[in-house]
Amino acid sequence: MFQALLIDKTDAGQTVAIQSLHDDALPDGDVTVDVACSSLNYKDGLAITGASPVVRKFPMVPGIDFCGTVSASSHPDFAPGDAVVLNGWGVGEGHWGGMAQRARVKGDWLVPLPSAFTPEQAMAIGTAGYTAMLCVLALERHGVTPASGPVVVTGAAGGVGTVAVAVLAHLGYEVHAVTGRLSETEFLKSLGAAEVIDRATLSAPGKPLAKERWAGAVDVAGGQVLANVCAAMKYRGVVAACGLAGGMGFPATVAPFILRGVTLAGIDSVMAPKADRLQAWARLATDLPMHHLQALTTTVGLSEVAALAPAILAGQVRGRVVVKVA
Ligand code: NDP
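Residues numbered from 1 in each chain as written. Predicted model: local features only at pLDDT ≥ 70, side-chain atom pairs only at ≥ 80, totals over all residues. Heavy atoms only, no water.

Caption draft 1: Highlighting the layout of surface pockets. Counted as a void, the largest pocket has a volume near 1100 Å³. Mapped by element, the contributors of at least two residues to the lining of the largest pocket are helix 1 (42–49), helix 2 (119–141), helix 3 (159–170), strand 9 (175–179), helix 5 (223–231) and helix 9 (305–313). The residue inventory of the lining of the largest pocket, partitioned by class, reads 23 nonpolar, 18 polar and five charged. (1 Å grid on protein atoms, 1.4 Å probe; cavity = no way out; pocket = protein on both sides within 12 Å on 5 of 7 lines; lining within 4 Å. Points joined across faces, edges and corners; volume = space filled by probe spheres on them. Helix = DSSP H or I, 4+ residues; strand = E, 2+ residues; numbered from the N terminus. Nonpolar A, V, L, I, M, F, W, Y, C, P; charged D, E, K, R; others polar.)

Caption draft 2: Local environment of the pattern of salt bridges. Taken as a whole and judged by the stated rule, the model has nine salt bridges. Between glutamate 93 and arginine 56 there is a salt bridge, with the nearest N and O atoms lying 3.5 Å from each other. Of this pair, glutamate 93 sits in the loop between strand 5 (83–87) and strand 6 (102–105) while arginine 56 sits in the loop between helix 1 and strand 4 (65–73), and the two are 37 residues apart along the sequence. With relative accessibility at 57%, the residue arginine 56 sits in the exposed group. A salt bridge links arginine 283 to glutamate 140, with the nearest nitrogen and oxygen atoms 2.8 Å apart. Placement of arginine 283 in helix 7 (residues 274–287) and of glutamate 140 in helix 2 is noted, with a sequence separation of 143 residues between them. Since its relative accessible area comes to 18%, arginine 283 is described here as buried. (Salt bridge = Lys/Arg side-chain N within 4 Å of Asp/Glu carboxyl O. Buried < 20%, exposed > 50% of the residue type's maximum accessible area, 1.4 Å probe, protein only.)

Caption draft 3: Seen up close, the nonpolar core. Within the largest apolar cluster, 53 residues are counted, with the highest numbers of intra-cluster contacts made by Leu168, Trp281 and Leu284. Counting residues per element, the ones that place at least two in this core are helix 2, strand 8 (151–153), helix 3, strand 9, helix 4 (185–190), strand 12 (233–241) and helix 7. Here tryptophan 281 is in contact with Val85, Asn87, Val111, Pro114, Phe117, Ala122, Ile125, Gly126 and Tyr130, once residues within four sequence places are set aside. In this structure, Ala4, Val61, Trp96 and Ala100 belong to the second largest nonpolar core, which totals 41 residues. (Core = buried A, V, L, I, M, F, W, Y, C linked by side-chain atoms within 4.5 Å. Contact = heavy atoms within 4.5 Å.)

Right, dumping it as structure tokens:
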């Protein structure tokens, strides 16, 4: 038997409760994992609250990521005792996820836990942090360097944002952090932000082209904020767009793209190929200072997750939340 957070849907609506389940209830897969921790991501907030139809079948164990130890495997790459990490692949959406003491998944979805991290540290990074690194890698792939000029991170006090700020600052970039919570200014500066910008200055419709400010951007907001960020990119600037915390829309013009040669690089962590995942985790091991990771992490138990889900959607969670399930 194992404990799991289970989302179910009946005619009366959606329910979320911790339940004791038998191993027989686990979904198909060639690797079974004793989960040590998962983490709370924005998408988990959507799934647990039902605010958006993220969950594609019920009952569902949420948790789009986890870290744990293989207990059984018929996959050639994994054996009992191996420490593994999973991010995405529809886990916690269409396949039972990490907010349970046991998970059964396809071995192809797993990557080895990098030796630099404990399971808790890996989930302090979690899908948000791994996505932040995918964004940094996209900026680099498109030629952005610290010498190119300042870079901007939106949703800076959230999960993706805090890790992006810490990594980019460590790499030597001048990081401008956009936040709706100016009360987090000192925290963001402690992570390495050189400047903290009030999100309100980017939330109203702006000009197709604004003053050139940034050579690179990591955007978790989407919507008007993303449009204004694109308009304020320097010539040949690069925007890595990964989120929709401020909206799904994109009320922009093509002006930044055709007049300044700006690149909009889309970032998807869910179906990213294994090579990209391994590269991102390897770079996190070298480029994310551990004292910053500790500073931006809160740890909770399974029983606290349901109450935190609305808070992450409301932008009230600072940094990352590790969910200890073991
Ligand atoms: P968090 O909730 O931790 O952070 C989001 C942050 O966005 C908030 O903390 C807040 O930061 C800011 N924010 C909140 N409301 C608004 C708003 N109305 N307009 C602009 N900014 C706002 O979530 P995550 O960091 O985990 O995820 C961020 C986004 O990235 C989500 O949309 C998520 O779905 C997406 N994502 C996408 C992935 C992918 O594969 N493409 C993978 C992981 C995440 P502040 O208070 O500092 O402004």
